[in-house]
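Inside the fold
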Amino acid sequence: MARKDNVTLFREDGTRLDGRKPDEMRPIKMEVGVLDNADGSALVEFGRTKVLAAVYGPREPVQKYIVIPDKAVLRVRYHMAPFSTSERKSPAPSRREVELSKVIREALEPVVLTDQFPRTAIDIFIEVLQADGGTRTTGLTAASLALADAGIPMRALVGGVAVGKIQGRLVLDIDEVEDNYAEADMPVGAAPDIGLITLFQINGVMTREEVMKGLDMALEAINRIVEMEKEVLKSKYMKVEV
Ligand code: ADP
């Protein structure tokens, strides 16, 4: 984080290096049902960040000892492909990937109706194809879509985005360059339709006011992200025959 080099991340007109306004997200693309061999799948792009999610289940797990008698067990694997970063990343799971798998699992658990499928497992594989900041929140968004695509009942859809503080200013949806120089970054995941925040982290230093303003920025953006998820799902599943 927070490199101290003498760089400026804003242009004279107040826009960011890629031309975005402080409260502007990168262009978002979402597609569901992109894999034939998974029960559900989604590809989500936030700018150059591209993340694929595949869901299997509910199914009887091979490892019988993991089952829970009264609900499904949710398993998440977040992984960065070796080609996803500018310097090749080792394919072996890193500590960061183990932690992010847990963070994303905990961000989905409150919305998945696991009690409808006792003694089964629901497996979510999140594969970062290209990393340019915000992979956990893009991965969470892709996982939510892939779960819906797999037909797994959920209380609500979840979306995520990160807010950053760079050179004293709050910016929405920070990319990798901004993250490298940020004073703080704050990934947020939420299910707006049921008023739940399911992922909230802060890395760095922010004032209380900045946290509250950043949270508002993130939640407003997540509303839009979740609306996009609904549109993508509707256009796949609600095709009207004429
Ligand atoms: P997030 O991807 O959720 O923002 P981080 O803040 O940990 O998570 O990472 C910020 C960005 O730094 C990532 O999106 C990616 O572009 C880059 N990055 C993270 N880990 C690595 C790594 N092992 N090798 C190269 N780049 C990485």
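For the structure itself, consult the block above.
Right, let's walk through the structure included here. (Residues numbered from 1 in each chain as written. Predicted model: local features only at pLDDT ≥ 70, side-chain atom pairs only at ≥ 80, totals over all residues. Heavy atoms only, no water.)

**Some words on the overall build of the chain**
Counting secondary structure elements, the chain contains four helices and 10 strands. Since a compact globule built from 242 residues should have a radius of gyration of about 18 Å, the 18 Å found for the chain is in line with a globular shape. Projected onto its principal axes, the C-alpha positions of the chain cover 55 × 50 × 35 Å. The buried share of the chain, reckoned over its 242 residues, is 50%. Looking at the chain alone, contacts between residues at least 24 apart form 68% of all its contacts between residues at least 6 apart. Counting 33 positive and 38 negative side-chain charges, the chain places the averaged centre of each group 3 Å from the other. (Helix = DSSP H or I, 4+ residues; strand = E, 2+ residues; numbered from the N terminus. Rg over C-alpha atoms; globule rule 2.2 N^0.38 Å. Buried < 20%, exposed > 50% of the residue type's maximum accessible area, 1.4 Å probe, protein only. Contact = heavy atoms within 4.5 Å. Lys, Arg positive; Asp, Glu negative; His and termini not counted. Charge placed at Lys NZ, Arg CZ, Asp CG, Glu CD.)

**Quick word on the nonpolar core**
One finds Leu108, Ile124, Ile126, Leu147 and Val161 to be the most contacted residues of the largest nonpolar core, which totals 60 residues. Ranked by residues supplied to this core, first place goes to helix H4 (residues 208-237) with 10 residues. Not counting chain neighbours up to four residues away, the residues in contact with Leu108 comprise Leu74, Val76, Ile124, Leu140, Ala143, Ser144 and Leu147. If you look at the next biggest cluster of nonpolar residues, it comprises seven residues, including Leu9, Ile166, Ile174 and Tyr181. (Core = buried A, V, L, I, M, F, W, Y, C linked by side-chain atoms within 4.5 Å.)

**Re the environment of Leu140**
The residue Leu140 is located in helix H2 (residues 135-149) in this model. In this structure Leu140 comes out as buried when scored by relative accessible area, which is 0%. A C-alpha to C-alpha distance of 16 Å links Leu140 and Met25, two positions 115 residues apart in sequence. In this view, Leu140 contacts Ile104, Ala107, Leu108, Val158, Gly159, Gly189 and Leu199; residues no more than four positions away in its chain are not counted.

**Thoughts on the sheet that holds strand E1 (residues 28-32)**
The strands making up a sheet associate through backbone hydrogen bonding, with each pair oriented either parallel or antiparallel. On the basis of which strands lie adjacent, the open sheet formed by five strands has the order E1-E2-E3-E5-E4 and mixed pairing. What marks the edges here is a single partner per strand, and that holds for E1 and strand E4 (73-80). If you compare each strand with its neighbour and ignore which way they point, the axes differ by 15° on average. Here E1 runs beside strand E2 (residues 40-46); their pairing, made up of five bridges, is antiparallel. Along E2, the bridge assignment pairs Met30 with Val44. Its contacts with the sheet place H2 against E1, E2, strand E3 (49-59), E4 and strand E5 (121-130), and it is angled at close to 150° to E2. With respect to the sheet, H4 is in contact with E1 and E2, its orientation differing from that of E1 by roughly 35°. (Pairing = 2+ DSSP bridges. Axes fitted to C-alpha atoms, helices over the stretch in contact; angles between N-to-C directions.)

**Quick word on the site of the ligand**
All residues adjacent to the ligand are Met80, Thr85, Lys89, Arg96, Ala131, Asp132, Gly133, Gly134, Thr135, Arg136, Glu176 and Asp179. Arg96 has a polar side-chain atom sitting 2.8 Å from an oxygen atom of the ligand. A distance of 3.4 Å separates an oxygen atom of the ligand from a polar backbone atom of Ala131. Here the ligand has 530 Å² of accessible area as a free molecule, and 75% of this is covered by the chains. (Near = heavy atom within 4 Å. Polar contact = N/O pair within 3.5 Å; in protein donor to acceptor, adjacent residues only side chain to side chain. Areas by Shrake-Rupley, 256 points an atom, 1.4 Å probe, with all protein chains shown as cover.)

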